[in-house]
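Observations on chain architecture
As a plain string of letters, each chain reads:
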Amino acid sequence: AKPSKIDTVVLLYSGGLDTSVMVKYIQEEYGADVVTLTLDLGQPGVDLEKTKQKALDIGAEDAYVIDAKQEFAEDFIAKSIKANGLYQGEYPLSTAIARYVVCEKVVEIADEVDADAVAHGATGKGNDQVRFEAGILSLDPDIKLLAPVREWSMTRDKELEYAEKHGIPVEASEELPYSTDENLWGKSSECGPLEDPSNEPPEEVFEFVTYPENAPEEPEYVEIEFEAGVPKGLNGEELPLHQLIEELNSLAGKHGVGIIDMMEDRVVGLKSREVYECPAAVTLIEAHQELEKFVSTKHENQFKQSVDQKWAEYAYNGLWFDPVLDHLEGFIDSMNKNVSGTVELKLYKGSVQVTGRKSEEALYDHDLASYEEGETFNQEASPGFIQ
Ligand code: ARG
């Protein structure tokens, strides 16, 4: 059922086909004014001034573009790094956590323009509808939500026709059969030939990452410096997190690092085949995890695995604003207080391998562990322990 009488809708606008068609669709179907909101979350190669102009040309009342890169990195990605955030052990949650930044911003803008509804372009089969709607309602329980893709039953061809009829421009990249989402933390691709799980992803899918076969013949080393679990420097240079991630995306991406091809279990119960390109995310989580092992006790490390796994599930499932995450983060932050030091990694043709770690906080004791002369571990004590 359609919500009654809506005057102003804030539409989460990417500039792509679905949300462009939506500008007109909402005006026609609901007789409402449309204000668009587009966030800069570090999606590469996108000209957001053009996106804004496109929204206005189609007929939006107003079009907001907000640079949220720094906030995304510092308030969302940093938490995920500390939690080694990987859903089902593999997916760095790049699309998932970005949705919650959007929830926060759209509630702010809706309030500012006095809108009574928020519209998004997510489908009824995916996770993003859950994240947007559960997230937005957690922040503003009174706002109405519109998900036109769930109700308009247009096929892609019908949408293209609709666009043509209303003079909505269609980009060449939208002729490709993939559904994608991208930001600083990575790119997701679905649909088209990827829907057959037995097909290797075609090279045209990859944008962040060089196909490993075409990556340089020589390995490259990177050094990441962490402070309390958060990356602070890259190869000796101190950088704000969003810039560090941008640089690392190109460094690691060049070496083919960060391709994830997985079967994923969605919130709604569907299994789907997903292809991700997350060079910086894969590298930073690998480095962080290793440093954590270096500075924490066996029992801390074991226990944290189960906390991290829960954290990733909640973040994936749309529950970012549930207080349970704050409680888990209490543990996660406490453990990360000591996670400072540097990790060196080798990037080579699709692989990333830790090659060195240094930390003032390390619990590793060379003299205890060593098999060389000068070792201090009392081996005579072992038989009693075993018995
Ligand atoms: N499966 C991923 C997730 O739920 C990615 C979804 C991305 N959306 C897209 N249009 N490709 O987080």
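For the structure itself, look to the data block above.
As a starting point, this report considers the structure included with it. (Residues numbered from 1 in each chain as written. Predicted model: local features only at pLDDT ≥ 70, side-chain atom pairs only at ≥ 80, totals over all residues. Heavy atoms only, no water.)

1. Thoughts on the packing of aromatic side chains
By the definition in use, this model includes eleven aromatic pairs. Here Tyr87 and Tyr316 contribute two aromatic rings whose centre-to-centre distance is 3.5 Å and whose plane-to-plane angle is 5°, an arrangement assigned as stacked. Of this pair, Tyr87 sits in the loop between helix H3 (69–82) and helix H4 (94–113) while Tyr316 is found in helix H10 (residues 298–316), placing the two residues 229 residues apart along the sequence. There is no split in this pair, since Tyr87 and Tyr316 are both buried. Between Phe303 and Phe331, the ring centres sit 5.4 Å apart and the planes meet at 70°, which makes this aromatic pair edge-to-face. Here Phe303 is found in helix H10, whereas its partner Phe331 is found in helix H11 (residues 323–336), with 28 residues between them in sequence. On the basis of relative accessible area, Phe331 is assigned to the partly exposed category, the value being 27%. Here the aromatic cluster, defined as three or more aromatic residues joined through ring pairs, consists of Phe76, Tyr100, Trp311, Trp320 and Phe321. Over the face of the ring belonging to Tyr316 we find Arg131, whose NZ or CZ atom lies 4.8 Å from the ring centre. (Phe/Tyr/Trp six-rings, centres within 6.5 Å; stacked < 30°, edge-to-face > 60°. Helix = DSSP H or I, 4+ residues; strand = E, 2+ residues; numbered from the N terminus. Buried < 20%, exposed > 50% of the residue type's maximum accessible area, 1.4 Å probe, protein only. Lys NZ or Arg CZ within 6 Å of the ring centre and 35° of its normal.)

2. What about the site of the ligand?
Close to the ligand lie 15 residues; Tyr91, Asn127, Arg131, Ser179 and Glu264 are nearest. The contact in question runs from an oxygen atom of the ligand to an N or O atom on the side chain of Tyr91, over 2.5 Å. Contact with the protein chains removes 91% of the 350 Å² of surface that the ligand exposes when unbound. When residues of the shell around the ligand are traced back to their parent elements, those giving at least two are H4, helix H5 (128–139), strand S6 (179–183), strand S7 (186–190) and strand S12 (271–277). Considering each element in turn, the shell around the ligand owes the most residues, three residues, to S6. Class assignment for the residues of the shell around the ligand results in four nonpolar, five polar and six charged. (Near = heavy atom within 4 Å. Polar contact = N/O pair within 3.5 Å; in protein donor to acceptor, adjacent residues only side chain to side chain. Areas by Shrake-Rupley, 256 points an atom, 1.4 Å probe, with all protein chains shown as cover. Nonpolar A, V, L, I, M, F, W, Y, C, P; charged D, E, K, R; others polar.)

3. Notes on the environment of Gly236
With respect to the secondary-structure elements, Gly236 resides in the loop between strand S9 (230–234) and strand S10 (237–238). For the pair Gly236 and Glu28, spaced 208 residues apart in the sequence, the C-alpha separation amounts to 55 Å.

4. A few points about a nonpolar patch on the surface
On the surface, a cluster of nonpolar side chains totalling about 200 Å² of accessible area is made up of Val267, Val268 and Leu270. Inspection of the secondary structure assignment puts Leu270 in the loop between strand S11 (259–265) and S12. Leu270 gets classed as partly exposed once you look at its relative accessible area, which sits at 34%. (Patch = residues over 30% accessible without salt bridge, like charges linked within 9 Å, V, L, I, M, F, W, Y side chains within 5 Å. Salt bridge = Lys/Arg side-chain N within 4 Å of Asp/Glu carboxyl O.)

5. Some words on the pattern of salt bridges
Scanning the model with the defined rule gives 23 salt bridges in all. A salt bridge links Glu108 to Lys105, with the nearest nitrogen and oxygen atoms 4.0 Å apart. Residue Glu108 and its partner Lys105 are both found in helix H4; the two are separated by three residues, about one turn of the helix. Note on Glu108: relative accessible area 45%, which makes it partly exposed. Classification of Lys105 as buried rests on a relative accessible area of 10%. The salt bridge partner of Arg131 is Asp128, with a shortest N-O separation of 2.7 Å. Remark: Asp128 and Arg131 occur in helix H5; sequence separation between them is three residues, near one turn of the helix. Here the two residues Arg131 and Asp128 agree in accessibility, since each one is buried. Several salt bridges share partner residues, and in doing so they unite Arg99, Asp128, Arg131 and Asp181 into one network.

6. Side note on the pairing of S11
Here S11 shows a clear split, with Ile260, Met262 and Glu264 buried on one side and none of Ile259, Asp261, Met263 and Asp265 buried on the other. Where S11 lies against S12, seven bridges are found, and the strand directions are antiparallel. Residue pairing for S12: Ile260 is matched across the bridge by Tyr276. (Pairing = 2+ DSSP bridges.)

7. A look at the packing of H3 against H4
When two helices pack together, their arrangement is given by the angle between the helix axes and the distance between those axes. Where H3 meets H4, the axes come as close as 10 Å, and the angle between the chain directions of the two elements is 135°. When the interaxial angle is binned, H3 and H4 end up oblique. The handedness of the crossing between H3 and H4 comes out as right-handed. Here Glu71, Phe72, Phe76, Ile77 and Ser80 of H3 lie close against H4, whose contacting residues are Ser94, Ile97, Ala98, Tyr100, Val101, Glu104 and Lys105. Split into classes, the residues belonging to the contact of H3 with H4 amount to seven nonpolar, two polar and three charged. (Axes fitted to C-alpha atoms, helices over the stretch in contact; angles between N-to-C directions. Parallel < 35°, antiparallel > 145°, perpendicular 65-115°, else oblique. Left-handed = near helix turned anticlockwise from the far one by under 90°. Contact = heavy atoms within 4.5 Å.)

8. Considering the sheet that holds strand S1 (residues 8–12)
The five strands are arranged S3-S2-S1-S4-S5 in an open sheet whose pairing can be described as parallel. Looking at strand neighbours, the two that pair on one side only are strand S3 (62–67) and strand S5 (144–146), the edges of this open sheet. Averaged over all adjacent pairs, the angle separating strand axes in this sheet is 25°, with direction ignored. Relative to the sheet, helix H2 (residues 48–58) contacts strand S2 (33–40) and S3, its axis offset from that of S3 by approximately 160°.

9. Side note on the side chain of Ser94
Residue placement: Ser94 occurs in helix H4. Using a relative accessible area of 0% as the deciding quantity, one classes Ser94 as buried. With near-sequence residues (within four places) excluded, Ser94 lies in contact with Phe72, Asn183, Trp185, Gly186 and Cys278.

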